[in-house]
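# Geometric and topological summary
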Amino acid sequence: MLPDYWIERPPMSMDMAAQSAIDAFLQAEAHVTGGLLDVDELLRDLGAVTRWTFLCGLAAGRKIAFHGTGDPGIEAFEPRQPIDFAPFGDQKAVFATSDPIWAMFYAIVDRARYRVTLNNGCISLLDPEGRPGTPHYYFSISGDALEKRPWRTGYVYLLPAQGFVEQPSGPYGGHVARVPQLASPVAVAPRARVQVTPEDFPFLAHIRSHDDDRLAEYAQAVMSAAPWPA
């Protein structure tokens, strides 16, 4: 059993609208020879499409690197050195994920207008044959910021997965876990972009809070599968 701050992704129902959107995206992408594919134009033509279902459906069928941000005008992602307590994250790189829901979190938290730190993760436990199970997530932001609901409309960029290295699987809470974090040591140009709102994020109501002065304590608790610090 995982600690109770980990939330299991709900079953994904691939309805006709989402499948039509995936088909339209794949067809449009095949004809793009340069520049950025604006996915929002495709989705508007298809009516009500659940963003996270569409993106997870894409991720299930092909290798894509997803990156969430509030900037709609990025032409290339450059390597940066983040503040990260996990060894894999402590490197200068372009970071992305193969899990679009995780990327959506970074897209909808407004770190430009609010003072806010993030503490979050995504894992899948591996079965004895090494196959990943259903993804689990936790999302936490600064307690003072959470009271102000620091959300924004953001963007999930779709990047080519070639050139990215995935974080190695490792032990977690008595299991072997896969963390779908990707890193590229060189700049990466995105292939497509989709706009997401806070309401598109399926775990908005499950974002918890932490004390910034104890951020390392929370991070250590999660990395060791310990309970959330009181």
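What you see is a predicted model; the values in this text were computed from it and never measured.

Rules and cut-offs
Residues numbered from 1 in each chain as written. Predicted model: local features only at pLDDT ≥ 70, side-chain atom pairs only at ≥ 80, totals over all residues. Heavy atoms only, no water. Phe/Tyr/Trp six-rings, centres within 6.5 Å; stacked < 30°, edge-to-face > 60°. Buried < 20%, exposed > 50% of the residue type's maximum accessible area, 1.4 Å probe, protein only. Lys NZ or Arg CZ within 6 Å of the ring centre and 35° of its normal. Helix = DSSP H or I, 4+ residues; strand = E, 2+ residues; numbered from the N terminus. Contact = heavy atoms within 4.5 Å. Core = buried A, V, L, I, M, F, W, Y, C linked by side-chain atoms within 4.5 Å. Salt bridge = Lys/Arg side-chain N within 4 Å of Asp/Glu carboxyl O.

## Let's talk about the packing of aromatic side chains
- Under the defined criterion, the tally for this structure stands at 17 aromatic pairs.
- Taken together, a centroid distance of 6.2 Å and an interplanar angle of 75° make the contact between phenylalanine 201 and phenylalanine 203 edge-to-face. For the pair shown, phenylalanine 201 and phenylalanine 203 are each scored as buried.
- An aromatic cluster is present here, built from Tyr5, Trp6, Tyr138, Tyr172, Tyr218 and Trp228 joined pairwise through their rings.
- Positioned above the aromatic ring of tryptophan 228 is the side chain of arginine 208, whose terminal nitrogen or guanidinium carbon lies 4.8 Å from the ring centre.

## A few points about the environment of leucine 146
- With respect to the helices and strands, leucine 146 occurs in helix α5 (residues 143-146).
- Sequence separation of leucine 146 and serine 209 is 63 residues, and the distance between their C-alpha atoms is 6.6 Å.
- Excluding its chain neighbours within four sequence positions, the residues that come into contact with leucine 146 are Ile141, Trp151, Ile207, Arg208 and Ser209.

## Quick look at the nonpolar core
- By size, the foremost hydrophobic cluster in this structure holds 52 residues, and its most contacted members are Phe25, Phe54, Phe139, Ile141, Val156, Leu158 and Phe201.
- Ranked by the residues each element gives to this core, the list is headed by helix α4 (residues 100-108), at 7 residues.
- Every residue in contact with leucine 158, bar those within four places of it in the chain, is listed here: Phe25, Leu55, Leu58, Ile64, Ala65, Phe66, Pro190, Arg191, Ala192 and Val194.
- Counting residues in each nonpolar core, the second largest holds 11 residues, with Ala65, Ile74, Leu159 and Leu182 among its members.

## Side note on the pattern of salt bridges
- Inspection of the entire model under this criterion finds 9 salt bridges.
- With its nearest N and O atoms 3.1 Å apart, the salt bridge here joins arginine 131 to glutamate 129. The same class applies to arginine 131 as to glutamate 129, namely exposed.
- Across the pair arginine 178 and glutamate 166 runs a salt bridge, and its minimum N-O distance is 3.0 Å. Of the two residues, arginine 178 is situated in strand β10 (residues 175-178) and glutamate 166 in strand β8 (residues 165-166); the sequence distance between them amounts to 12 residues.
- Among the residues examined, arginine 178 registers a relative accessible area of 21% and is labelled partly exposed.
- Connected via shared salt-bridge partners are Asp110, Arg113 and Arg152.

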